[in-house]
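In case you want the letters, here they are:
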Amino acid sequence: MAQVTVREAVIQDISQLKTLMIAYIVDFYQYRQPEDEKLNGLIHRLLEQKDGIQFVAESEDGKLVGFATLYFTFSTLRASKVAVLNDLYVIEAERGQGAAAKLFAACKGYAARHGYANLSWTTAMDNLRAQAFYDKMGGDRSDWLTYSVNPTIGIGD
């Protein structure tokens, strides 16, 4: 089992991080690849750590094998800031070897150290592997349903 180190992403990680994010978006989730300018902008914004932060899992040979993204927001119910674990991805060859657990622990620890009232995340109903992982990590399943809509401008706007 290869040893991985988890740390905050830095500017030198951009090339490898971008490759991982494209694999996550296109290969894993089957979404259209985002425009280069938009993806670069997002990575740079996260490196600023104002709206969120990214952690990377790095192998002993310096190769990035996974990443996790936290976004910062607020909860009216908690009257406090909260963190959203938006992404947790490890390349297929490294899954089941502890990188995901280390990435999750880094996110949980970051949220605790920085005074976030809650760390939440969403996963697909059919992603049973992720659900089993989050159950193992001590996650509580929510009673809330997640909805989404593409923003449009229409009557009354």
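Every value quoted in this text rests on a predicted model; they were computed, and no experiment measured them.

Topic: the nonpolar core
It is characteristic of soluble globular proteins that their nonpolar side chains tend to be buried jointly.
(1) Moving on: Within the largest apolar cluster, 40 residues are counted, with the highest numbers of intra-cluster contacts made by Leu17, Phe55, Phe67, Leu70, Leu85 and Leu88.
(2) Moving on: The element contributing the most residues to this core is helix H1 (residues 14–28), with 8 residues.
(3) Moving on: Apart from residues no more than four positions distant in its own chain, leucine 88 is found in contact with Tyr24, Phe67, Ala68, Ala100, Leu103, Phe104, Phe133 and Tyr134.

Re the pattern of salt bridges
(1) Moving on: One pass over the full model with this rule turns up 6 salt bridges.
(2) Moving on: Across the pair aspartate 36 and lysine 18 runs a salt bridge, and its minimum N-O distance is 2.3 Å. One end of the pair, aspartate 36, is in helix H2 (residues 36–48); the other, lysine 18, is in helix H1, and 18 residues separate them in sequence.
(3) Moving on: The exposure class assigned to aspartate 36 is partly exposed, which follows from its relative accessible area of 43%.
(4) Moving on: Taken together, the shared-partner salt bridges in this structure form one network comprising Arg7, Asp13 and Glu58.

Some words on the sheet that holds strand S3 (residues 64–75)
Pairing between sheet strands relies on hydrogen bonds along the backbone, with the strands arranged either parallel or antiparallel.
(1) Moving on: Pairing in this open sheet of 5 strands is mixed, and the strands run S1-S2-S3-S4-S5 from one edge to the other. Edge positions in the sheet fall to strand S1 (4–8) and strand S5 (119–121), since each has one partner strand and no second. Looking at each pair of strands side by side, their axes are set apart by 25 degrees on average, direction ignored.
(2) Moving on: Relative to S3, H1 is tilted by about 80 degrees, and along the sheet it contacts strand S2 (52–59), S3 and strand S4 (80–90).

Comments concerning the side chain of aspartate 87
(1) Moving on: With respect to the helices and strands, the residue aspartate 87 is situated in strand S4.
(2) Moving on: This buried residue, aspartate 87, is left without a salt bridge; arginine 95 holds the nearest opposite charge, at 12 Å.
(3) Moving on: A distance of 2.9 Å separates the side chain of aspartate 87 from the side chain of tyrosine 24, its partner in a polar contact.

Examining H2
(1) Moving on: The first and last C-alpha atoms of H2 sit 19 Å apart over 13 residues, in line with the 18 Å expected at 1.5 Å per residue.
(2) Moving on: Of all the positions in H2, only Leu39, Ile43 and Leu46 are classed as buried. Buried residues of H2 fall within an arc of 65 degrees about the axis and therefore sit on the same side. Seen from the open side of H2, the exposed residues pointing more than 90 degrees away from its buried face are Glu37 and Lys38.
(3) Moving on: One or two positions beyond H2, positive phi appears at glutamine 49, with a value near 60 degrees.

Reading guide: rules and limits
Residues numbered from 1 in each chain as written. Predicted model: local features only at pLDDT ≥ 70, side-chain atom pairs only at ≥ 80, totals over all residues. Heavy atoms only, no water. Core = buried A, V, L, I, M, F, W, Y, C linked by side-chain atoms within 4.5 Å. Buried < 20%, exposed > 50% of the residue type's maximum accessible area, 1.4 Å probe, protein only. Helix = DSSP H or I, 4+ residues; strand = E, 2+ residues; numbered from the N terminus. Contact = heavy atoms within 4.5 Å. Salt bridge = Lys/Arg side-chain N within 4 Å of Asp/Glu carboxyl O. Pairing = 2+ DSSP bridges. Axes fitted to C-alpha atoms, helices over the stretch in contact; angles between N-to-C directions. Lys, Arg positive; Asp, Glu negative; His and termini not counted. Polar contact = N/O pair within 3.5 Å; in protein donor to acceptor, adjacent residues only side chain to side chain. Expected span 1.5 Å × (residues − 1). Arc of directions from axis to C-beta.

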